[in-house]
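Take a look at the letters that make up each chain.
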Amino acid sequence: MENFKNKHIFVRFTSPSIIMKSKTTAAPSIDEFKAILKEKQLKTTPQRLSVHEAMLNLGHASADMVADYISNKDGQTVTIASVYNILIALSDLGIYHRRYSANNKMYFDVNTFKHIHIYDTVNNSYCDLLDDELISMVESRLKQHKIRGYKVDTIDIQVICHPSGKSRVEKL
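Because the structure is a prediction, the values reported are computed rather than measured. (Residues numbered from 1 in each chain as written. Predicted model: local features only at pLDDT ≥ 70, side-chain atom pairs only at ≥ 80, totals over all residues. Heavy atoms only, no water.)

Topic: the pattern of salt bridges
What the rule picks out here adds up to 5 salt bridges. Across the salt bridge formed by lysine 73 and glutamate 53, the nearest N and O atoms sit 3.0 Å from each other. Taken together, the residues lysine 73 in helix H3 (residues 63-74) and glutamate 53 in helix H2 (residues 46-58) connect sequence positions 20 residues apart. Residue lysine 73 is classed as partly exposed on the basis of its relative accessible area of 44%. Measuring nitrogen to oxygen at the nearest pair gives 2.8 Å for the salt bridge that ties aspartate 156 to arginine 99. (Salt bridge = Lys/Arg side-chain N within 4 Å of Asp/Glu carboxyl O. Helix = DSSP H or I, 4+ residues; strand = E, 2+ residues; numbered from the N terminus. Buried < 20%, exposed > 50% of the residue type's maximum accessible area, 1.4 Å probe, protein only.)

This is how it looks when you write it as structure tokens:
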């Protein structure tokens, strides 16, 4: 059994044929986040810090999940609308990426480096799969195909699945 870990998501694969090869970087720490805000000429507000801390702990989250995390951890009351506006503003700056789920909810991803998403349709949750070699293979193959009338901005790989009794991926 092989275990792979990034800063936010721990995934266990029971298949020994899956090998992790990744040159990823971690999401910005709180200190790095403060520096990014300063560079972008934004104030380091307690709300922005709380949202980023929540995102570091949650990895992939919707505004209501972040608001709940802040409320449960700090006892602060923060509106979902405020959290949503902060998440949108920070994703517009490239600090987070946006993801849309099958349950019509917007999720934000603290990991902005290239990676594969595994989306659980039953639990409406995301998990990261880090495999630079697989991503390179897909990108290389897609670059060979021209899509008439379109220019590819980015390639985003998402595997849509549901839990099974014999699930090969287990979040810990």
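What about the side chain of aspartate 131?
Within the fold, aspartate 131 resides in the loop between strand E7 (125-129) and helix H5 (132-143). A relative accessible area of 13% places aspartate 131 in the buried class. At 3.2 Å, the side chain of aspartate 131 forms a polar contact with the backbone nitrogen of glutamate 133. A polar contact of 3.0 Å, which involves the side chain of aspartate 131, links it to the backbone nitrogen of leucine 134. (Polar contact = N/O pair within 3.5 Å; in protein donor to acceptor, adjacent residues only side chain to side chain.)

Remember that the coordinates give geometry; whether it matters functionally is a separate question.
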